[in-house]
Amino acid sequence: MNNTGLNLLKTLACMTAVSFFTLYQSYDRYNYNYSLALNILSFISTIATPLYFLLSGYIDSGQKHSPSWQLDKIRRILLIFLFWFTFFWFAGVQNKGYLIQPWFMISLILIYVSHPLIDRLMLFPGRTAAIIFILLLAAFLYDILAVLWPDNRAFSLLPQYRIWTWVLYYLSGRLMALPMVKQTLQSVRVVRLSLLLLPAVYLFTWLYERYYFIARFISTGNDFVLTGSQVYFLVILIAISVNGITLPAHWKKLPTVFATLGKTMTGVYILHYLVFNILAWAISIRSVVDKLLVIALTVALAMLISLAMLQIPGVKKLISL
């Protein structure tokens, strides 16, 4: 994908991460169960984590891989997790959801521990595509089985801990960055086809989740699901379609703005929940408009704080990989 498209997707990942993880959270004095606006926003935001792992794979493909690069990635993941865990522990807010989720760290470490194998796999695009298909099928079937038999311990693994889903998206990002695949995906014909399919896939996924997947989870006592496999094609089409966006020539500064905001992707993932809870504590949320305002402010402040921290060499490692 082109640089503008990549930075647009990073910015989208920031925005959807904030809205997905904060829509139904603390200090609210309003019932959202019947809000169609928030229901739609919640669905749109389900691409957040899949998109993050897809982009991570795509970005990593452009870097020079070596044992030192691999170890540095693992060290930085551990540093980020241990620092913020310690910070929030001593701040006394470790029980309010501010901590970086351990599944996130575990998934990333597993990916980077396995990186030499992933690099070898990328030498064979056909095999990579086959493994991605198998992972997709396995992830989707497991999600369905978990819905149908929620009391079965074999299918009781929390959605976020189904690490094969995140490996699936990471491998997809790596595959999309291969020169041959990249050239195909950037062709005008493929981009146009993706743009044509995107509305239909969005509608189908919305209906599937609203009237079957989420409905089944609610009816069986599961009140939360971190969607993954069922939005796979949606995420892939969004990534391809973004390449079809062309900015007017007189909007010269906009690509620079998106490039700047895109750098905050990991930082926003780390900081947004803390920022949101501070704002939600300070602002009385009594309507959907209040909620959307807090979410918008969370995105803006999390990005600004991340940008400020990225300017400090020693601190930069605490919010970026």
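Treat the numbers as computed from the prediction; the structure is a model and nothing was measured. (Residues numbered from 1 in each chain as written. Predicted model: local features only at pLDDT ≥ 70, side-chain atom pairs only at ≥ 80, totals over all residues. Heavy atoms only, no water.)

## Quick look at the packing of helix α1 (residues 3-22) against helix α13 (residues 265-282)
Helices that pack against each other are described as a pair by the angle of their axes relative to one another and the distance between those axes.
Inference 1: Their axes nearest at 9 Å, the elements α1 and α13 cross at an angle of 25°. The angle between α1 and α13 places the two elements in the roughly parallel class. In the crossing of α1 with α13, the sense of the turn from one axis to the other is right-handed. For the pair α1 and α13, the contacting residues are Lys10, Ala13, Cys14, Ala17, Val18, Phe21 and Thr22 in the first and Met265, Val268, Tyr269, His272, Tyr273 and Phe276 in the second.
Inference 2: Per-class residue counts for the contact of α1 with α13 are ten nonpolar, two polar and one charged. (Axes fitted to C-alpha atoms, helices over the stretch in contact; angles between N-to-C directions. Helix = DSSP H or I, 4+ residues; strand = E, 2+ residues; numbered from the N terminus. Parallel < 35°, antiparallel > 145°, perpendicular 65-115°, else oblique. Left-handed = near helix turned anticlockwise from the far one by under 90°. Contact = heavy atoms within 4.5 Å. Nonpolar A, V, L, I, M, F, W, Y, C, P; charged D, E, K, R; others polar.)

## Section: the environment of Ala48
Inference 1: Of note, Ala48 is situated in helix α3 (residues 48-60).
Inference 2: The buried category is assigned to Ala48, whose relative accessible area is 1%.
Inference 3: Sequence spacing of Ala48 and Val18 is 30 residues, and the spatial spacing of their C-alpha atoms is 8.5 Å.
Inference 4: Every residue in contact with Ala48, bar those within four places of it in the chain, is listed here: Thr16, Ala17, Phe20 and Tyr269. (Buried < 20%, exposed > 50% of the residue type's maximum accessible area, 1.4 Å probe, protein only.)

## Some remarks on the packing of α1 against helix α14 (residues 288-310)
Inference 1: Where α1 meets α14, the closest approach of the two axes is 10 Å, and the angle between their N-to-C directions is 135°. By the angle class used here, α1 and α14 are oblique. Two packed elements cross with a definite hand, and for α1 against α14 that hand is right-handed. When α1 is examined against α14, the residues Thr11, Cys14, Met15, Val18, Ser19 and Thr22 are found in contact with a partner set consisting of Lys291, Ile295, Thr298, Val299 and Met303.
Inference 2: Here the contact of α1 with α14 is composed, by residue class, of six nonpolar, four polar and one charged.

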